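# Residue-level structural notes
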Amino acid sequence: MKTTGRRNFLGMAGLGAITWSLGAAGNHPTAFPQEETHRDRETQAARNGKKTVILLAHPDFKNSKANRALAEAVKDIEGVSVTNLYEAPFTAETYRKLLSGAGSVVFQFPFYWASAPSQLKKWCDELFIGLTEQVKGVKLLVATTTGSEYDAYRSGGRNRYTLDELLRPYQLLANHSGMIWQTPFAVYGVSLPTAAQSIAAGALAYREKIEALANG
């Protein structure tokens, strides 16, 4: 499977689209580029092959279908950890240790009213502010699931905006903290009659994406 350009994964006719290329293809560098130093290159090289930390924000993970399937699909990949922000101790030290040596961070969540569940916002407001130096140069990926179909999230669609546009606050967070923004990953239509097929195909695509992220 090619991994450049716009990618829509359709398990069969009628399935909700699954995409990890929203808007412009490829990764987006920080909006405030600085001259790369030898130490920067050494730091980035040292991160290659380092762990991938998935920060899951799901208030009812026990009853989740889509996000549980995504987490199950990647939990056995070497170097990947999955932590639910609603279950882990909410302390700076918890996440300082968790993020130590990370090469990639993933914000995974169900799309709630054009954003993430509230615990991720709380985490960013109260804990992330003290971790920005630690994650400088680390890749940031947003992985989300939507109840609506792909066509709802496009110009002229029912929701009027693309996910790429709606996720701009996370890209801004990445830019200001010196993280390396990755093109978002999304599984659409998880509340539709075709949800089971969309989720299954999405889980396979998510595993491929996380493997590429960890090895890139």
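In case you missed it, the structure is sitting above this.
Description of the structure in this document. (Residues numbered from 1 in each chain as written. Predicted model: local features only at pLDDT ≥ 70, side-chain atom pairs only at ≥ 80, totals over all residues. Heavy atoms only, no water.)

Inspection of every chain in the model, using the stated rule, returns 8 salt bridges. Of the charged contacts, one joins Asp 76 and Arg 207 as a salt bridge, the two residues approaching to 2.7 Å between their closest N and O atoms. Highlighted residues: Asp 76 in the loop between helix H2 (66–74) and strand S4 (80–84) and Arg 207 in helix H7 (residues 195–215), separated in sequence by 131 residues. Overall, Asp 76 belongs to the exposed group, its relative accessible area being 56%. A relative accessible area of 27% means that Arg 207 is categorised as partly exposed. For Arg 207, the salt bridge goes to Glu 211, with nearest N and O atoms at 3.4 Å. On the criterion of helical spacing, the pair formed by Arg 207 and Glu 211 is a turn pair, its members being 4 residues apart in helix H7. The network of salt bridges with common partners includes Asp 76, Arg 207 and Glu 211. (Salt bridge = Lys/Arg side-chain N within 4 Å of Asp/Glu carboxyl O. Helix = DSSP H or I, 4+ residues; strand = E, 2+ residues; numbered from the N terminus. Buried < 20%, exposed > 50% of the residue type's maximum accessible area, 1.4 Å probe, protein only.)

It is worth spelling out the environment of Arg 168 at this point. Residue position: Arg 168 is located in helix H6 (residues 168–177). Of the residues examined, Arg 168 reaches a relative accessible area of 39% and is grouped as partly exposed.

Evaluation of the coordinates by the stated rule reveals 9 aromatic pairs. Ring geometry for Tyr 95 versus Trp 123: centroids 5.7 Å apart, planes at 80°, classification edge-to-face. Of this pair, Tyr 95 sits in helix H3 (residues 92–99) while Trp 123 sits in helix H4 (residues 118–126), and the two are 28 residues apart along the sequence. The same class applies to Tyr 95 and to Trp 123, which are both buried. Relative to Tyr 188, the ring of Tyr 153 has its centre 6.0 Å away and its plane inclined at 50°; by these criteria the two rings are tilted. On the criterion of sequence distance, the pair formed by Tyr 153 in the loop between strand S6 (139–145) and helix H5 (163–166) and Tyr 188 in the loop between strand S8 (185–187) and H7 is long-range, its members being 35 residues apart. When its relative accessible area of 0% is taken as the criterion, Tyr 188 is described as buried. Against the face of Phe 61 rests Arg 68, its NZ or CZ located 4.4 Å from the ring centre. Its guanidinium or amino end placed over the ring of Phe 90, Lys 122 lies 4.8 Å from that ring's centre, counting from NZ or CZ. (Phe/Tyr/Trp six-rings, centres within 6.5 Å; stacked < 30°, edge-to-face > 60°. Lys NZ or Arg CZ within 6 Å of the ring centre and 35° of its normal.)

This part takes up the pairing of S6. For S6, the buried fraction is high: 7 of the 7 residues fall into the buried class. Here S6 shows a buried face lined by Lys 139, Leu 141, Ala 143 and Thr 145 and a second buried face lined by Leu 140, Val 142 and Thr 144. As judged from the 7 bridges shared by strand S5 (residues 102–110) and S6, these two strands associate in the parallel manner. Directly across from Phe 109, in S6, lies its bridge partner Thr 144. A crossover links S5 with its parallel partner S6, the connecting element being H4, and its sense is right-handed. Looking at chain direction, S6 and strand S7 (residues 180–181) are connected through 2 bridges and run parallel. Directly across from Leu 140, in S7, lies its bridge partner Trp 181. Relative to S8, S6 runs parallel, the two being bridged by 3 bridges. From the neighbouring strand, Ala 143 faces S8, where its bridge partner is Phe 185. (Pairing = 2+ DSSP bridges. Right-handed = clockwise from strand over helix to strand, strands pointing away.)

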